[in-house]
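The primary structure of each chain is shown beneath.
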Amino acid sequence: MSIHSTHPFLPPPEQRDPARRLRSLLPAPVSIWTSGSGTQREGWTISSMLVANGDPAELVALVDQDCDWWEVFRETLLATVNVLGPGQGLISDVFARVAPSPGGPFRTGEWDDSGHGPRLVGAAAWAGVSLLTQNPEHSGWGLLVRAKVEWIEIAEGSQALEHRKGHYL
């Protein structure tokens, strides 16, 4: 066994998907969208999202249609968008299902209930949203999900976590 300074199975740059390489150059927000309550709650890490100003404002996201959270959001029509802050990269990895969390993802981090879904204590910001279309169109490999913003809270003095070139910044 050896220790590598780079990923040992990563193909050389000329063999990598150009769209993925372009996406990795752009700073991406790190958020966890959560829905449900009690034992019927789910969440998923989403970085492909944007805020669309308007009256009402909307959040637009690309969502993996096979994730468990999507079905809960479609049923409840409500979600809390937790915008992660510095030091919360592990929580993002847990909800992306790339890091372990014995007992389930909500065992990582401290969570409070809100009327729209679980809320991460210590996040940089939170938004309560409602689903606009239960059967959205595809965009690339994801679903192009639109949600109406019903409330927003921003933590005083906090900064949002971002992801670029495979690292949290």
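For the structure, check the block above.
Right, let's walk through the structure included here.

Quick notes on the rules
Residues numbered from 1 in each chain as written. Predicted model: local features only at pLDDT ≥ 70, side-chain atom pairs only at ≥ 80, totals over all residues. Heavy atoms only, no water. Helix = DSSP H or I, 4+ residues; strand = E, 2+ residues; numbered from the N terminus. Contact = heavy atoms within 4.5 Å. Buried < 20%, exposed > 50% of the residue type's maximum accessible area, 1.4 Å probe, protein only. Pairing = 2+ DSSP bridges. Salt bridge = Lys/Arg side-chain N within 4 Å of Asp/Glu carboxyl O.

You can see Ala52 is positioned in strand β4 (residues 49-52). In this structure the C-alpha to C-alpha distance between Ala52 and His116, which are 64 residues apart in sequence, comes to 20 Å. Discounting residues that sit within four places of it in the chain, Ala52 has contacts with Ala57 and Glu58.

Turning our eyes to something else, we now look at the pairing of strand β6 (residues 78-83). Along β6, five of the six residues are buried, which leaves the element largely enclosed by surrounding structure. Alignment of strand β2 (residues 31-35) against β6, held across four bridges, turns out to be antiparallel. When the sheet's bridge partners are listed, Ser31 is paired in β6 with Val83.

A word on the pattern of salt bridges. Opposite charge on two side chains lets them pair, provided their charged atoms get close. By the definition in use, this model includes five salt bridges. Among the ionic pairs, Glu58 bridges to Arg146, the shortest N-O distance being 2.7 Å. Taken together, the residues Glu58 in strand β5 (residues 58-63) and Arg146 in strand β11 (residues 142-154) connect sequence positions 88 residues apart. Glu58 gets classed as buried once you look at its relative accessible area, which sits at 16%.

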